[in-house]
Amino acid sequence: MDDLVATVALFRGKRVLLTGDTGFKGSWLALWLAGAGAEVYGYALPAEREDDHFNLLCLRDRITHHDGDIRDHAELGAFFQSAQPEFVFHLAAQALVRRSYRDPKETLDTNIGGSVNLLECVRETPSVKSLVYITSDKCYRNKEWIWGYRENDELGGHDPYSASKAAAELVLSAYGNSFFQSRPGFGYASVRAGNVIGGGDWSDDRIVPDCLRALRNSEPIVLRKPQSTRPWQHVLEPLGGYMALAASLARDPARFSGAWNFGPDGEATQTVHALAQKIIERWGSGKIEIRGAVSDPHEAGLLHLNCDKARHVLGWRPRWGFDATVSKTVDWYRAVLAGEPAVKVSNKQIECYMEKVDD
Ligand SMILES: NC(=O)c1ccc[n+]([C@@H]2O[C@H](COP(=O)([O-])OP(=O)(O)OC[C@H]3O[C@@H](n4cnc5c(N)ncnc54)[C@H](O)[C@@H]3O)[C@@H](O)[C@H]2O)c1
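Throughout what follows, the structure given in this document is the object of discussion. (Residues numbered from 1 in each chain as written. Predicted model: local features only at pLDDT ≥ 70, side-chain atom pairs only at ≥ 80, totals over all residues.)

Points about the overall build of the chain
Operational definition: Numbered from the N terminus, helices here are DSSP runs of H or I no shorter than four residues, and strands are runs of E no shorter than two. When we talk radius of gyration, it's over C-alpha atoms, and the globule rule is simply 2.2 Å times the number of residues to the 0.38. Around each residue's C-beta, the other C-beta atoms within 10 Å are counted; 20 or more make the residue buried, 12 or fewer make it exposed, and counts in between make it partly exposed. All C-beta atoms are placed from the backbone.
Of regular secondary structure, the chain possesses 14 helices and 13 strands. Relative to its length of 359 residues, the chain is compact, with a C-alpha radius of gyration of 19 Å against a globular reference of 21 Å. The dimensions of the chain, computed from C-alpha atoms along their principal axes, are 55 × 40 × 40 Å. By residue count, 51% of the 359 residues in the chain fall in the buried class.

Let's talk about the environment of Met-354
To keep things clear, this is the line we draw: Contacts here follow a simple rule: the backbone-placed C-beta atoms of the two residues must lie within 7 Å.
Summarising the element assignment, Met-354 is placed in helix 14 (residues 342-354). Its 18 C-beta neighbours within 10 Å are what place Met-354 among the partly exposed residues. For Met-354 and Gly-68, which are 286 residues apart along the polypeptide, the C-alpha to C-alpha distance reads 32 Å. Residues contacting Met-354, with those up to four places away along its chain left out, are Leu-4, Val-5 and Val-8.

Overview of the sheet that holds strand 5 (residues 130-134)
The test is simple: Two strands form a pair only when DSSP identifies at least two bridges running between them. Interaxial angles span 0 to 180 degrees and are taken between N-to-C directions of axes, which are lines fitted to C-alpha atoms, for helices over the stretch in contact.
The strand order 3-2-1-4-5-6-11 describes an open sheet built from 7 strands, whose pairing is parallel. Bordering the open sheet on either side are strand 3 (64-67) and strand 11 (258-262), each of which pairs with just one other strand. Sheet twist, expressed as the mean angle between neighbouring strand axes with direction ignored, is 15°. Taken strand by strand, helix 9 (residues 236-251) contacts strand 4 (87-90), strand 5, strand 6 (187-193) and strand 11, and its axis lies near 165° from that of strand 6.

Describing the site of the ligand
Defined as follows: By definition, a residue lies near a molecule or strand when the C-beta atom built from its backbone is within 6 Å of it. We call Asp, Glu, Lys and Arg charged. Ala, Val, Leu, Ile, Met, Phe, Trp, Tyr, Cys and Pro are nonpolar, and the rest, Gly among them, are polar.
The full set close to the ligand counts 24 residues, and Gly-20, Gly-23, Lys-25, Ala-93 and Ala-95 are the nearest of them. Residue assignment for the shell around the ligand shows that the elements contributing at least two residues are helix 2 (24-35) and helix 6 (104-124). Looking at the shell around the ligand, the element that brings in the most residues is helix 2, giving 3 residues. For the shell around the ligand, the class distribution of residues is 11 nonpolar, 10 polar and 3 charged.

Quick look at the pairing of strand 2 (residues 39-44)
As a reminder of what qualifies: Seen with the strands pointing away from the viewer, any crossover whose path from the first strand over the helix to the second strand runs clockwise is right-handed.
Within strand 2, 5 of the 6 residues are buried, which leaves it mostly tucked inside the rest of the structure. Strand direction decides the pairing type here: strand 1 (residues 15-19) and strand 2, joined by 5 bridges, are parallel. Paired with Val-16 across the two strands is Val-40, which belongs to strand 2. The parallel pair strand 1 and strand 2 is bridged by helix 2, and the resulting crossover is right-handed. Bridge analysis of strand 2 against strand 3 gives 4 bridges, and the strand direction is parallel. Following the sheet pairing, Ala-44 is matched in strand 3 by Asp-67.

Side note on the nonpolar core
Keep this limit in mind: By definition, a nonpolar core groups buried Ala, Val, Leu, Ile, Met, Phe, Trp, Tyr and Cys residues that are joined through C-beta atoms within 7 Å.
Within the largest apolar cluster, 107 residues are counted, with the highest numbers of intra-cluster contacts made by Val-132, Ala-189, Leu-245 and Ala-246. If one sorts the elements of this core by residue count, helix 9 sits on top with 10 residues. In this structure Ala-189 touches Val-132, Tyr-133, Leu-245, Leu-249, Phe-256, Ser-257, Gly-258, Ala-259 and Trp-260, once residues within four positions along its chain are discounted.

A word on unusual backbone geometry
The backbone phi angle of Cys-58 is positive, close to 50°, even though this residue is not glycine. Here Cys-58 is to be found in the loop between helix 3 (53-56) and strand 3. In the Ramachandran plot, Ser-218 falls in the positive-phi region, its phi being about 50° despite a non-glycine side chain. Its place among the elements puts Ser-218 in the loop between helix 8 (207-216) and strand 8 (221-223).

Quick word on the environment of Arg-206
Residue position: Arg-206 is located in the loop between strand 7 (196-197) and helix 8. A residue is classified by how many C-beta atoms lie within 10 Å of it, and Arg-206, with 18 of them, is partly exposed. Expressed as a C-alpha distance, the spacing of Arg-206 and Arg-98, which sit 108 residues apart in the sequence, is 9.5 Å.

What about the packing of helix 4 (residues 73-83) against helix 6?
Here is the rule: Here is the rule for handedness: rotate from the far helix to the near one, and if that takes an anticlockwise turn smaller than a right angle the crossing is left-handed, while a clockwise turn gives right-handed.
Their axes nearest at 9 Å, the elements helix 4 and helix 6 cross at an angle of 35°. Helix 4 and helix 6 meet at a crossing whose hand is right-handed. Contacts between helix 4 and helix 6 involve His-73, Leu-76, Gly-77 and Phe-80 from the former and Asn-117, Leu-118, Glu-120, Cys-121 and Glu-124 from the latter. Of the residues belonging to the contact of helix 4 with helix 6, the class tally is 4 nonpolar, 3 polar and 2 charged.

Description of helix 9
Cut-off, in case you're wondering: Expected helix span is computed as 1.5 Å times (number of residues minus one).
If you check helix 9, its first and last C-alpha atoms are 23 Å apart, about what 16 residues at 1.5 Å a residue would give, namely 22 Å. Counting buried residues along helix 9, 15 of its 16 residues qualify, which places the element largely inside the surrounding structure.

A look at the pairing of strand 1
Along strand 1, 4 of the 5 residues are buried, which leaves the element largely enclosed by surrounding structure. Where strand 1 lies against strand 4, 4 bridges are found, and the strand directions are parallel. From the neighbouring strand, Leu-17 faces strand 4, where its bridge partner is Val-88.

As structure tokens, this is what we get:
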């Protein structure tokens, strides 16, 4: 049996708690785990839009979801007590760089304070055997160079979002050293993924939703920083890695606890312009307009991850290259905008991913 298929099968009947299940990555993970037969418990703020992936999938009817704020320790604690999870995936965050400039306190309270609450709840819940704690590739001190950052590189953060993710890393490290390393049968890891794309994301200030909104309305795609370069990967890539890591942490906590990068192969590290161009190609029409403002806040220009550890120690590797990643993403929007049920389209893409089918 393929390793990923075997990993996913391990979650059958397991109690799994996800924070951030109403978000882009969380909704895909919840669907995937629920489809594998896991008992999924989700805790997050309500989905913001009617057409958010979480709503389109009717996840409220498929998993046990609680609308709650990660900044509320008591409420989160009560949810942990009722769920008694074995596996925890922590995804809840204010995840947008530009929003973090508009409201730094919200970002820092959610991403640092909320993560502290999560770690307290894990500490208070002995049923938890495995914690996967999602931060970001932006947790590294960005030197704007071509080399990929490794897990032992320096942390940093120019903007409030990036700093909040670096700080969340330090917080996990402190909990690890102080409490978790001595907890028997418990493994914990932070995971740092690059930019993920895929169907179902309608967030503001993100390149794919911005492109699809423009194409849907037959308007030009406006790019602010066309030469910014990112490691683009399909959302299913890191999620498969997180599941493999969660299962490995439960099996051998000493070996797998620590930090892990999950990013695409080098060919998928591309400029924003190249991504928009590829989206237009797959959609069949559209044009690009460059309109950067001098007052635009600073964002990382060049960011690349070294994922040797995940490849060699975990045996994880990306399955879809840049072309397949973009095609799957555009095809998802096209199908759903044409009226196909999102749950059918998303499940089909999960199936293709597991079967390594890329066209
Ligand atoms: N999308 C990416 O490209 C990317 C890249 C690297 C890391 N990440 C990280 O992955 C995780 C998921 O990202 P995403 O793209 O799904 O983001 P998203 O914005 O789509 O979803 C964020 C989720 O967090 C929840 N949330 C936000 N504030 C909350 C609060 N105060 N209390 C409870 N829940 C709250 C939201 O309700 C939502 O469920 C985040 O930690 C993000 O920083 C994302």
